[in-house]
Amino acid sequence: MGNPLFARKPMSMLLEESKEEGGHSLKRTLGPFQLTALGVGAIIGAGIFVLSGLGAHYAGPGLMLSFVLSGLGCAFAGLCYAEFAAMIPLAGSAYTYAYATLGELFAWIIGWDLTLEYAMGASTVSSGWSNHFIELLNIFHIKMPLWLAYDHWTGLATASKIVAREMAQASDATLHPGTQAFLDKVDAIMAAKSPELLQQAHALLNAPTLFGTEIGFNLPAFVIALVITAILIIGIKESARFNATIVTIKVAVVLFVIGLGIHYVDFSNWGHSWSTFAPMGFSGIGAGAAYIFFAYIGFDAVSTTAQEAKNPQRDLPIGIIVSLLICTVLYIAVAGVLTGMVHWQDVNIEAPIARAFLDRGLSTASHVITLGALAGLTSVMLVMLLGQTRVLYAMANDGLLPKKFFAAIHPKFRTPYKNTMLVGLLAAIVGSVTPIDDIGKMVNIGTLLAFVIVCIAVMILRKKNPDQPRPFRTPWVPLVPILGIVFNGYMMYKLGWINWARLIAWLIIGLVIYFTYSRYHSRVSGASQQ
C-alpha cells in the first residue's frame, strides 16, 4: 500500500471512464473544426486587443519577438498536452494527466491551479469586455455613470485621468491631445495628486457610499458573465455553434486590422538598431512575453472538452496545434502593425489597437475593432468558463469535490449545470469589483505552472508507462518538454515576486481544502487503501 497522497489513477480506470455513455455522461458532439474553433475562440481576445498595449511598454517594437517567445512556450507545452489529450481522452485537462502520472496531491494542486487560470481568467476578460462595451456606447454618445462602469479603483483612476486631461488642456492651449507632450503633462498632473485633482475626480465619479465607503460596480462585466453562463448551461453543441460564429467575426476583424493597418506603418517606429527595436533589451522582451502570455491562454481548454469530442484521439491534437499556429501568425502580424503605426511609448494601454486607428482619424475602423474585441472577449469567456466547469466535473467524479453538486448533470441539457452556475456567478462578482491587471497577472502565473507540470508529466509517463498506446506522440522527448519547462519557467520568473506570493497564498488555501475534505473522499486513494 503506497502513500495515498501520491496514489495514481490507473490507466485502466481512466480509459474505462472515457468510454462511458448515457444520461450521466457528457455529450460527444465536437469534431476537429469545432475543436480548432474552440482553441482560436479561447486564444484571440483580451491578449491581442487589450494586453498588447501593456506588452509594448516593456518590449517596444520587440513586442513581435515577445509573441514569438510566448508562442514557443505554448507550442512546447501544447505538444505535451496533445500527447496526453489523445492518450487520456477525458474532461479535466492537465488535472487528469497529473493524476495518472504524478499522483493525487499534484493532481489536486493542478486542478486548484486551473481554477486560477479559467475562473479568474474569465473574470479578467469580463472586465476587458466591459471596457470595450463602454467604448461602443460612447460611439452612440451613451454615457454610463463611472461607478457603474468600473470597479471602484479603476473608476477613480479613470475619473482622475479625465480631470487631468482637462487640466492639461486648460493649462496650455498649444498642447494637442494624444501627443507625447500632452501625455507627459497629464502624467505630471496625475503624479502631483493635488487636492484639487482628487476633489474633482471624486465629484466626477459621484459614487454612492455604503457604510461611509465609496462603492464601484462593473455592471457590464457582471451581466456578460451571467449571459455566457446561461449559454453554457443550455448545451455544448449550442455553445460550440455560438463560439464558431463569433470566431469567424473576430478572425475577420484581426485580418482587417492587419490589412488596413499595414498602409499606415511607419518603419522608423520599429527603430534602426537592436537598442531602438528592443529599448529594454531581451529582458524587456521577456517581461513583454510574460504579460502578453495571457493572449495565448486557452488552447489548453480544448483538452478539457475531451469527453465531448467525437474522435478525441485524432481530433484533440489537431485542435490544440492548429489553433496555436493560426493565432501565433496573426499575433506577430498585429504586433508589427501596432508598433509600426504608433511609436511604442505612445501606445495606449487600455484599447491599444482601436486607439491607434482613431489617432489616424479612422473612426469607422476603430468602431469595427471595438466590435471585434467585444466578439473576441465574449468567446474567450465562453471557453474559459467551459474549461473551468469541466475541470471541476472531473475532480468531483474523483471524489475530491462534492459529487452531488459539482458533477450533477442536467437531465435535458446534459451539462454540469450546478457547477456552471456557481462558476459563472463567482466570475461575474470577481470581474465586477476587481481591477483587471491584478487578476490578469495571477492568471498568467497559474497557467504557466500548469504548463510546466504537464511538460514534467509527459517525461515521467514515458519512463513509467512506455508501452501505453499513444495515438499522438510528442516529438523529440525529452527535448520538447525540457524546452517547455525552460520557456514557461522563465516567463513565471519574469512576473515578479508579488505574483509568486499570490500564487503561493492561493495554493495554501487549496491545500487546506485538500487535507480537510478531498483526501477523505477520494475514490482513488480509497481504492488503493482497500
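As the structure is a computational prediction, the values presented were derived from the model and not from experiment.

### Notes on the packing of helix α2 (residues 32-43) against helix α18 (residues 363-397)
Two numbers describe how α2 lies on α18: the axes approach to 7 Å, and their chain directions differ by 115°. Judged on the interaxial angle alone, α18 and α2 are roughly perpendicular. Seen along the crossing, α2 lies across α18 with a hand that is left-handed. Contacts between α2 and α18 involve L38, G41 and A42 on the former and, on the latter, G376, S379, V380, V383 and L386. When grouped by side-chain class, the residues that make up the contact of α2 with α18 number five nonpolar, three polar and no charged.

### Thoughts on the packing of aromatic side chains
Enumeration according to the criterion identifies 22 aromatic pairs in this entry. Between Y490 and Y493, the aromatic rings sit 6.4 Å apart at their centres with planes inclined by 40°, giving tilted as the arrangement. Of the two residues, Y490 and Y493 both sit in helix α22 (residues 479-493), three residues apart, roughly one turn of that helix. Classification of Y493 as exposed rests on a relative accessible area of 58%. Taking the centre distance of 5.1 Å and the plane angle of 80° together, the rings of Y514 and F515 count as edge-to-face. In this structure F515 comes out as partly exposed when scored by relative accessible area, which is 32%. One aromatic cluster in this structure is built from Y81, F84, Y97, F293 and F451. Geometry around Y99 places K9 over its ring, the cationic atom sitting 5.8 Å from the centre. Across the ring face of Y520, the terminal group of R519 is positioned such that the distance to the ring centre comes to 5.5 Å.

### Brief notes about the environment of D151
Looking at the element boundaries, D151 is found in the loop between α7 (146-149) and α8 (152-171). D151 sits in the buried class, given a relative accessible area of 2%. Counting along the chain gives 169 residues from D151 to I320, while the straight-line C-alpha distance between them is 35 Å. Among residues more than four places away in sequence, those in contact with D151 are G216, N218, S432, V433, T434 and P435. Within polar-contact distance, the side chain of D151 engages the side chain of T154 at 2.6 Å.

### Examining the side chain of N419
Mapped onto the fold, N419 is located in helix α20 (residues 417-433). Once residues within four sequence positions are removed from consideration, N419 is found in contact with T389, L392, Y393, F405 and F406.

Basis of the calculations
In this convention, every chain numbers its residues from 1, walking through the sequence in written order. Whole-chain, interface and lining totals are the exception, using all residues; otherwise, since this is a predicted model, local features are given only for residues with pLDDT of at least 70 and side-chain atom pairs are given and counted only at 80 or more. Each side-chain value is derived from all of the structure's non-hydrogen atoms; neither hydrogens nor water enter the calculation. Every axis corresponds to a line fitted to the C-alpha atoms, with the helix fit spanning only the stretch in contact, and the corresponding angles, defined between N-to-C directions, vary from 0 to 180 degrees. Only DSSP runs of H or I reaching four residues or more are called helices, and only runs of E reaching two or more are called strands; each is numbered from the N terminus. Angular relationships are summarised with four words: roughly parallel below 35 degrees, roughly antiparallel beyond 145, roughly perpendicular across 65 to 115, and oblique for the angles in between. By definition, turning the near helix anticlockwise from the far helix through less than a right angle yields a left-handed crossing, and turning it clockwise yields a right-handed one. We call two residues in contact whenever any of their non-hydrogen atoms come within 4.5 Å of each other. For this classification, the nonpolar set comprises Ala, Val, Leu, Ile, Met, Phe, Trp, Tyr, Cys and Pro, the charged set comprises Asp, Glu, Lys and Arg, and every other residue, Gly included, is treated as polar. Stacked, tilted and edge-to-face are the three classes assigned to paired rings of Phe, Tyr and Trp, where Trp is represented by its six-membered ring and a pair needs centres within 6.5 Å; plane angles under 30 degrees give stacked, over 60 edge-to-face, the rest tilted. Any residue under 20% of the maximum accessible area for its type is buried, any over 50% is exposed, and the rest in between are partly exposed; the area is computed with a 1.4 Å probe on protein chains only. Think of it as a cone above the ring: NZ of Lys or CZ of Arg counts as a charge over the ring if it is within 6 Å of the ring centre and within 35 degrees of the ring normal. Between N or O atoms, a polar contact is any pair within 3.5 Å; within protein, one atom must be a potential hydrogen donor and the other a potential acceptor, and residues adjacent in sequence are included only when both atoms are from side chains.

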